[in-house]
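In case you want the letters, here they are:
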Amino acid sequence: MRYPFSEIESKWQKYWEDNKIYRTNLSDTDKKLYTLVMFIYPSGAKLHCGHWYNYGPTDTWARYKKLKGFNVFEPMGYDAFGLPAENYAIKTGIHPFDSTITNINDIREQLKKMGCMYDWDSELMTCVPKYYKWNQWLFLQLYKKGLAYRKNAPVNWCPKDQTVLANEQVQSDGTCERCGTLVIQKNLTQWFFKITDYAEELLKGLNEINWPDKTKSMQRNWIGKSTGTEVKFKVDNSDETITVFTTRPDTLFGVTYVVIAPEHPLVDKLTTPEFKEKVASYKDSIKSLTEIERTSTVKEKTGVPIGSYAINPVNGEKVPIWIADYALLTYGTGCVMAVPAHDERDFVFAKKFNLPIRKVILGGDNTKPEDEFDAAYTESGTMINSGSFNGLASNNGIDSISDFLEQNNLGKRKTNFRLRDWLISRQRYWGTPIPIIHCPKCGEVPIDEKDLPLELPYDVEFNPSGESPLASNKTFMNVKCPKCGSEAKRDPDTMDTFVDSSWYYFRYLNPDFTSNIFDTDLAEKWTPVDMYVGGAEHATMHLLYARFIHKFLRDLGYANSDEPFTNLIHQGTITNQGAKMSKSKGNVVNPDKFTLEYGSDVFRLYLMFMGPYELGGDWSDKGITGSDRFVQRTYELFNRFPKILERVSPIPKYEITQLFEEEKSCYRKVNETIKKLDEELNNFRFNTAIAAMMELLNELTKNIEKCNADIQAYALVRFGVMLGPIAPHLAEECMEIIGLKESIFKNPVWFEPDAEALIKDSVNIAVQINGKLRTTIELPLNSEQSSVKEVVFQDEKIIKNLDGKQIVKEIFVKNKIYNIVVR
RNA sequence: GCCGGAGUGGCGGAAUUGGUAGACGCGCUGGACUCAAAAUCCAGUCUGGCUCACACCAGGUGCCGGUUCGAGUCCGGCCUUCGGUACCA
């Protein structure tokens, strides 16, 4: 009979739900295991293959741990605020709240049909006041500590989505992470979270977590710590001082000009009258360029001198001051000392504008002071042309010159980070309102915590106008100042949705908690998250923000750990014809097609069997029949032994030497599979785990009929339990068929392999001549060299191959090879 | 440019510390069952040579070189490809 997946899957899903099999007892923290997947964005596109690939295998891991006796907590929820719902509303007129709730209801049904062991009592969504109230609370705590602040700054603006974006949300080609539109720069007053205060700790903490190296290194690069020295250059005929940041103070004597970012406030002050016009027109010319064009490494560098001169603090030399597009206002001091001889960018610039190049380091191929360069020498070496520092190794020169500068108050050591503060305001409707009132008299006034939540009004004109939709809602905007009572305005912006996701894992523990952001008693016991699984695309966004907020909450006394996610795994990306699946490309594969035809166990199995989990791969449904056949054959196998457990009770261990051949073969394979599966599942190697199960099925199909009933029961029970994580519905059904009375997930059990069954009595030894395989011989396990040798030299093929040759050496590796080296 | 991952049959992919390359699955070929088909089951399937067949021989893990008795695995130099990043002083 064909496996009736549809009835059976709904039967067990109902059973699991009715019996609350997956309700986690959070008060039992012995062997607690918090397994989490990145929560789902409830778009109209519903569950796609990528979600399945994330959730299915992770649930297999969670179920495996559950059977191993862990108290597993595996929740699911909805990252429900965000742009797509609002864009959908603009297009269709359907309110974001309504479409989001509809989508959530649909997606919940889809999720339940996947058959994951989610604790549905812990479900949460971010778009409801009982959740986002705590975003506002969190904002206020950050505000109190000076970590939430407003400033006017050049920001990334997406013309299509009509909102600002964080640096992290702008892709490397300068386009919007969400919609792919080219991002432009705008000066706006925006809210920031001061993540930079935690830069050093965010960097150090990476050493303490078990995350993919790639992700850690991406975060390291993103944080971009750089240690160097700030050097003060006096300006000739002026009281102003230019402070530059350099990582190479050892090249200070090689400075031949100084560059300031064109937008730097000093530029106007230092431009001499005769250069005013040139400078103004240069600034105009780069204004029209986007940040990306301006900072493109391909583009030729441009710049103009501004007429004044800076004085090198170590040698008193006057060098011209330039403005150039390659100096960035947002990094360091916005001013650069240029050393063309030892910096690539300065070199190219100096060549182009005929500025002097002075060598101060010798080393490598660069051995003669008078030789001309065709490229900058950026390595270390011996210092020359550097006054009293001549002859010093430049590596030491870094310290010596820094010391000199600090002692003479000409500069100081400084650490810079590439990381910028997190821009969190968005000029959009569908998000958390910012709990600040702007009073003409008192300025920024935070809302009193007891007045939270500040609810997002339902009736809002959300067509994009470049202004926050909330601004047009008078009843929302107009408010009395809580401090002085005068007419004031609310902040019209909403928060970046990454604020929602930066602490949601705490909230799952009790999503209905009302007296605080989350239940801190539970949080202390259950966080950090033990295993977090989600896409690598969040490496420098969500995964960085969550670490920051976690540390902040810890500092408030709300968490007792330093990091939110102890272990992290990224599932690979499933592509279609080489391209990322996306609605706009029209290459999205709908999982329903397969779950309706084969059932969710088969689909889950197939996704896991495709290849290594972290690699992903290109979608193809070619092999899904293989997973289907595995399920069919398994079902048939169990149906051959109905209620066998009511007739016999296998003992935990059999003496393998007492079994006859087929029994021995089944018994051994069962125990080998337990061992293999244990290792593979534990390490997210689902493809090889399933291969092992297929091997076991092949073995049992072939030999189980010939075994005694107690061995049959022994094998089937183990096979069924191992099936539990990888095909849960099928496993429950199979176990019921053979007479188990209760769900294996209600009374979790996992079998240990019988060590004696894993020891083979004979092994194949490869016999090689000069490393080339000539034959294999079967011998008892652990045969010594002398006895192996005896057999080897009686072998016809070996005798033939050795004919006329001189034996130089023989190499023997026990149970593996016997290699004869000849001449 | 820089950082990281990946290159193995027709395809997805397996291979402990270097020790029998191609597990498992798909597909394909042949056979059984069937009036026939589907499904299922059995056998074969890295390439080339030779053979009725078994056997046997040679070659083979992106390319070139090296270390070693022995390299898919280690080392050096490339090529292709997929991610990330973009003048960060």
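Residues numbered from 1 in each chain as written. Chains lettered and ligands numbered in written order. Predicted model: local features only at pLDDT ≥ 70, side-chain atom pairs only at ≥ 80, totals over all residues. Heavy atoms only, no water.

1. So, the packing of aromatic side chains
All told, the structure shown has 56 aromatic pairs when counted by the stated rule. When the ring of F498 is compared with that of Y545, the centres are 5.5 Å apart and the planes differ by 55 degrees; the resulting orientation is tilted. Of this pair, F498 sits in helix α14 (residues 497-500) while Y545 sits in helix α17 (residues 542-555); the two residues are 47 residues apart in sequence, bridging distant segments of the chain. The pair F498 / Y545 is uniform in exposure class, with both members buried. The aromatic ring of F192 is capped on one face by K151, whose charged end is 4.7 Å from the ring centroid. Over the face of the ring belonging to F751 we find R718, whose NZ or CZ atom lies 4.1 Å from the ring centre. (Phe/Tyr/Trp six-rings, centres within 6.5 Å; stacked < 30°, edge-to-face > 60°. Helix = DSSP H or I, 4+ residues; strand = E, 2+ residues; numbered from the N terminus. Buried < 20%, exposed > 50% of the residue type's maximum accessible area, 1.4 Å probe, protein only. Lys NZ or Arg CZ within 6 Å of the ring centre and 35° of its normal.)

2. Describing the sheet that holds strand β21 (residues 478-480)
Spatially, four strands are ordered β20-β19-β22-β21 in an open sheet, and the strand pairing comes out antiparallel. Two strands bound the open sheet, and with one partner strand each, they are β20 (443-446) and β21. The average undirected angle you get between the axes of adjacent strands in this sheet is 40 degrees. With three bridges connecting them, β21 and strand β22 (residues 487-490) associate as antiparallel partners. Along β22, the bridge assignment pairs V479 with A488. (Pairing = 2+ DSSP bridges. Axes fitted to C-alpha atoms, helices over the stretch in contact; angles between N-to-C directions.)

3. Some points on the nonpolar core
The nonpolar side chains of soluble globular proteins are, as a tendency, buried together. The biggest cluster of nonpolar side chains holds 185 residues, and the ones touching the most others in it are F139, W422 and W503. For W503, the contacting residues outside a window of four places in its chain are Y131, W134, N135, L138, I517, F518, I549 and L553. (Core = buried A, V, L, I, M, F, W, Y, C linked by side-chain atoms within 4.5 Å. Contact = heavy atoms within 4.5 Å.)

4. Regarding helix α19 (residues 600-609)
Most of α19 is tucked away, with nine of its ten residues classed as buried. Of the positions making up α19, those classed as buried are S600, D601, V602, F603, R604, L605, Y606, L607 and M608.

5. Observations concerning the packing of helix α5 (residues 129-144) against α17
Contact geometry of α5 with α17 gives a least axis separation of 12 Å together with a crossing angle of 70 degrees. With respect to α17, the element α5 is oriented roughly perpendicular. In this structure, the crossing between α5 and α17 has a hand that is left-handed. Here W137, L138, Q141 and L142 of α5 come into contact with α17, specifically with F548, I549, F552 and L553. Of the residues contributing to the contact of α5 with α17, the split by class is seven nonpolar, one polar and no charged. (Parallel < 35°, antiparallel > 145°, perpendicular 65-115°, else oblique. Left-handed = near helix turned anticlockwise from the far one by under 90°. Nonpolar A, V, L, I, M, F, W, Y, C, P; charged D, E, K, R; others polar.)

6. With respect to the side chain of R718
Topologically, R718 is positioned in helix α24 (residues 709-726). Of the side chains bearing the opposite charge, D754 lies closest to the buried R718, which forms no salt bridge; the N-O distance is 8.4 Å. Looking at R718, its side chain comes within polar contact range of the main-chain oxygen of Y714, at 3.2 Å. Setting aside anything within four residues of it in sequence, one finds R718 in contact with P652, V670, I674 and F751. (Lys, Arg positive; Asp, Glu negative; His and termini not counted. Salt bridge = Lys/Arg side-chain N within 4 Å of Asp/Glu carboxyl O. Polar contact = N/O pair within 3.5 Å; in protein donor to acceptor, adjacent residues only side chain to side chain.)

7. Description of the pairing of strand β31 (residues 807-813)
Note on strand geometry: in a regular strand, side chains alternate between the two faces of the sheet. By the bridge criterion, six bridges tie β31 to strand β32 (residues 817-822) in an arrangement that is antiparallel. Residue pairing for β32: I807 is matched across the bridge by V822.

8. Focus on the sheet that holds strand β7 (residues 184-193)
Strand order in the open sheet formed by four strands is β6-β5-β7-β17, with antiparallel pairing between adjacent strands. The strands lining the two open edges of the sheet, one partner per strand, are β6 (163-165) and β17 (422-423). Bridge analysis of β7 against β17 gives two bridges, and the strand direction is antiparallel. Within the sheet, the bridge partner assigned to F192 lies in β17 and is L423.

9. Concerning the state of the cysteines
Put plainly, a disulfide is one covalent bond tying together the sulfur atoms of two cysteines. A complete count under the given rule lists zero disulfides for this structure. Here C49 stays unpaired: no disulfide links it, and the sulfur of C116, its closest cysteine neighbor, is 14 Å away. We classify C49 as buried; its relative accessible area is 0%. Looking at the unpaired C734, the closest cysteine sulfur is the one in C666, lying at 17 Å. Judged by its relative accessible area of 0%, C734 falls in the buried class. (Disulfide = S-S within 2.5 Å.)

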